[in-house]
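One letter stands for each residue in the lines below.
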Amino acid sequence: MSTISQAASHLDMSERRFRELLDETVIARAPRGEYDLDAVRRQYIGHLREVAAGRQPAQPGDLDPAQERARKDRALAIATELKNDLATGKVVLIDDAIAAVTIQNMKLRNKLLSLPTRIASRLPEQGRAQVFTLVEAEVLSAMEELTTGGEGHVTPAEVAAERGLTASVEEPTHG
């Protein structure tokens, strides 16, 4: 039978580490000075095998420096890739995309509103007013449909589906 000091020395570790293993129940506690070195060695070897096989979770505070370095390197690589994508135009900022779409929609609106005048000017004088009124009504109807969520309205869910995203996107509520 041996003391904690002798058992720790037998396992080539400090008394502090041996006491930690006792607290973690890796090694069974024994009365003072009654540690069986063969039993202690078998328990410790069993613990080492479990850890090596990955069946025992790492203790709090046990960080694998290689994993931490890999995690950090991955984060840096992603950040660099995003910066490169922004610089080459593969990715745009949401504010820039919204501004571009808004400008494009204003141009489209102006073109659509000019259609009745352009079409009516090509017709004989007697039917011009009727055609202007009909075309104008259809253009205004189409624009109203697009702005109120009618058939031409694109929802965030449709955009996500088109891009192949599976995450659900909440629809904005109009109130």
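Computed from a prediction, not measured in an experiment: that's the story for all the values here. (Residues numbered from 1 in each chain as written. Predicted model: local features only at pLDDT ≥ 70, side-chain atom pairs only at ≥ 80, totals over all residues. Heavy atoms only, no water.)

Draft legend 1. Looking closely at the nonpolar core. Leu11, Met13, Phe18, Ile27, Tyr35 and Val40 are the most contacted members of the largest nonpolar core, which totals 13 residues. Leave out the neighbours within four places in its chain, and Phe18 touches Ile4, Ala7, Ala8, Leu11, Met13, Ile27, Tyr35 and Val40. (Core = buried A, V, L, I, M, F, W, Y, C linked by side-chain atoms within 4.5 Å. Buried < 20%, exposed > 50% of the residue type's maximum accessible area, 1.4 Å probe, protein only. Contact = heavy atoms within 4.5 Å.)

Draft legend 2. Up close: the pattern of salt bridges. In this structure the tally under the stated criterion is eight salt bridges. Between Glu20 and Arg16 there is a salt bridge, with the nearest N and O atoms lying 3.9 Å from each other. Of this pair, Glu20 and Arg16 both sit in helix α2 (residues 15-23), four residues apart, which is roughly one turn of the helix. Among the salt bridges present, the one from Arg71 reaches Glu68, with a minimum N-O distance of 3.5 Å. A residue pair is termed a helical-turn pair when its members lie 3 or 4 positions apart in one helix, as Arg71 and Glu68 do in helix α4 (residues 65-88) at three residues. Taking the relative accessible area as the measure of exposure, Arg71 reaches 52% and is therefore exposed. Several salt bridges share partner residues, and in doing so they unite Arg16, Arg17, Glu20 and Glu24 into one network. (Salt bridge = Lys/Arg side-chain N within 4 Å of Asp/Glu carboxyl O. Helix = DSSP H or I, 4+ residues; strand = E, 2+ residues; numbered from the N terminus.)

Draft legend 3. The arrangement of the side chain of Asp85 in detail. By the secondary structure assignment, Asp85 is in helix α4. Of the side chains bearing the opposite charge, Lys90 lies closest to the buried Asp85, which forms no salt bridge; the N-O distance is 4.5 Å. Discounting residues that sit within four places of it in the chain, Asp85 has contacts with Lys90 and Val91. (Lys, Arg positive; Asp, Glu negative; His and termini not counted.)

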